[in-house]
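As a plain string of letters, each chain reads:
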Amino acid sequence: MSSSKTPSSTLSAPALKPLKLNSSGLGQSTKPSSPKLSTPKLSFSLGGDSQNTAKSDTTKTFAKPLFAKPKLAALSLGESTANAIKKPAPWSPSTTALILVKREVETHDSMSFTFAAANETLFDFKPGQFVTLAVKIDNKTHYRAYSISSVPQQKQLRLTIKRVPDGLVSNWLADNLNIGDSLSALNIAGQFNSSDCKHKSKLLLISAGCGITPVMSIAKTLLTHDSDTDIEFLHCARDKDNVIFHDEMKTLLSQHKHFNVQLLLENSEGFASFSADDSANKKTDSSALSHQTGMVSSDVIQQLYPDLKERTIFLCGPVGFMKAVENIAQESDFDMANFFQESFTPAANNEQQDQISSDASTASVMLHVPDFSVEKEVVQGSSLLEVLENNGVPIIGACRAGVCGSCKCKVTKGSVKSTSTETLTAEEIALGFVLACSSTVEEDVAVALN
Ligand code: FES
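Quick summary incoming for the structure in this document. Everything numeric in this text was worked out from a predicted model, so none of it was measured.

## A word on empty space enclosed by the protein
- Using the criterion set out here, one finds 1 cavity of 30 Å³ or more in the structure.
- Size it by volume and the largest cavity reaches roughly 40 Å³.
- Forming the walls of the largest cavity are L204, I206, I301, L308, I313, V325, I328 and A329.
- Only β9 (202-208) and α8 (319-331) provide two or more residues apiece to the lining of the largest cavity.
- Of all the elements, α8 adds the most residues to the lining of the largest cavity, at 3 residues.

## Examining the sheet that holds strand β10 (residues 230-237)
- Read across the open sheet, the 6 strands follow the order β12-β11-β10-β9-β13-β14; overall the sheet is parallel. Of all strands in the sheet, those with a lone pairing partner are β12 (290-293) and β14 (339-342), marking the two edges. The sheet shows a mean angle of 15 degrees between the axes of neighbouring strands, direction not considered.
- Two elements, β9 and β10, share 7 bridges in a ladder whose sense is parallel. Bridging across to β10, I206 finds its partner in L234.
- Sitting on the sheet, α8 touches β9, β10, β13 (312-316) and β14, and the angle it makes with β14 is about 170 degrees.

## Some words on helix α4 (residues 212-225)
- Look at α4: 20 Å from first C-alpha to last across 14 residues, which is about the 20 Å you get at 1.5 Å a residue.
- The buried count for α4 comes to 12 of 14 residues, which makes it a mostly enclosed element.
- By the burial criterion, the buried members of α4 are I212, T213, P214, V215, M216, S217, I218, A219, K220, T221, L222 and L223.

## Things to note about the sheet that holds strand β6 (residues 140-147)
- What the 6 strands build is an open sheet, ordered β6-β5-β8-β3-β4-β7; its pairing is antiparallel. At either end of the open sheet lies a strand with only one pairing partner, and these are β6 and β7 (156-162). Neighbouring strand axes in the sheet, compared pairwise and without regard to direction, differ in orientation by 35 degrees on average.
- Two elements, strand β3 (residues 98-107) and strand β4 (residues 110-117), share 8 bridges in a ladder whose sense is antiparallel. Bridge pairing links R103 to F113 in β4.
- Seen against the sheet, helix α3 (residues 168-176) touches β3, β4, β5 (130-137), β6, β7 and β8 (182-189) and runs at an angle of roughly 75 degrees to β5.

## Notes on the environment of V151
- Positionally, V151 belongs in the loop between β6 and β7.
- In this structure, the C-alpha to C-alpha distance between V151 and F125, residues 26 residues apart in sequence, is 8.5 Å.

## Digging into unusual backbone geometry
- The phi dihedral of D138 is positive, around 50 degrees, even though this residue is not glycine.
- Note that D138 resides in the loop between β5 and β6.
- For D138, a relative accessible area of 54% puts it in the exposed group.
- Positive phi, close to 65 degrees, is recorded for N139, a residue that is not glycine.
- Considering the arrangement of structural elements, one finds N139 in the loop between β5 and β6.
- Residue N139 is classed as exposed on the basis of its relative accessible area of 72%.

Basis of the calculations
- Residues numbered from 1 in each chain as written.
- Predicted model: local features only at pLDDT ≥ 70, side-chain atom pairs only at ≥ 80, totals over all residues.
- Heavy atoms only, no water.
- 1 Å grid on protein atoms, 1.4 Å probe; cavity = no way out; pocket = protein on both sides within 12 Å on 5 of 7 lines; lining within 4 Å.
- Points joined across faces, edges and corners; volume = space filled by probe spheres on them.
- Helix = DSSP H or I, 4+ residues; strand = E, 2+ residues; numbered from the N terminus.
- Pairing = 2+ DSSP bridges.
- Axes fitted to C-alpha atoms, helices over the stretch in contact; angles between N-to-C directions.
- Contact = heavy atoms within 4.5 Å.
- Expected span 1.5 Å × (residues − 1).
- Buried < 20%, exposed > 50% of the residue type's maximum accessible area, 1.4 Å probe, protein only.

Function-wise, these values are silent; they only describe arrangement.
Structure below.
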């Protein structure tokens, strides 16, 4: 597994804007001033969601206060201003950096990063969505989208990231991002979320591998705000060492009577002791996660969820896994209007890139990007995103899996072959817009970024 070893000091704090009070309360920015990264006056609270997941042996607590607190006591505050202080404005990625306050090892190759906003605002998002990070490595900024695994309206935002073989950004974050470091972010987005997707009061959440990340956010949010929601959670993993959020699921299981978790492990060797390793007597450990051995199949789904048709399914995992579950649902006459899925994991990403690469030939075609004076011969069948990036076109490829829409560009001449148009409207497609990460160059093309 190779990864860049750039020192964490290359992560520079962005130009932060101080807050001032006005008649409408906090959150109005003034002109930029120097970041106050070294002014020790205010510490971040690590309460709420992040405390639920703390693991004492692997967690470093953020102890060094970073930002100066506004002198509120010296000002006369009206009622509306006081209310605004109680409920701060939502986090704005364009003005406020993310500060890493906690790192937690989840499995041998996955890690959770908990961030706080530099101005202590709340993170407002829909459970299931992702955030696009801007990560500077060797003086080049890379954009990547990562699913959020925490609950909205908290002062912390948790991302759970899995190492990827030869994955530049994920591996760099795991190796280099330290407590107190700051990152910029572009936005929070994503159509796969439990707010926009109309769902029943009975859910079946299905995930595999790191696909558990957005699904965990959905589960925790619904359990927090609607304790009557009936949630069955099926998580699939290779073996006990690859179960992300094992202890967190146990905690949820013990706290919510309408929540049930089932693990499906390809290899369950050693799982019993793993489940009960913190219990004095594993026979009385009622919160130990139930598990089966095997792969997802129609028989397993039918046996575990005889009321399948009464549920809404949210699914996230590698492409092959999701296709298998989709087929099972269709064969079971499941109403696919109640079926929501997102492939947003490194495995899916790799498979898609592999598919694109395997289509490449040795013939050449011309790539024109007039706005950036690019006129280059490229290999026919190449990923459009990669040839644009390699030729210095400032396109953002955040998810690289046809999900986030950040790589949208317009083919003004010629055509490309696309495997995803997920975030594009029919009108945009008719106008020639494509997702570069999910498109291959098949003939001479001209491309514009807008
Ligand atoms: S990079 Fe996200 S859709 Fe292309």
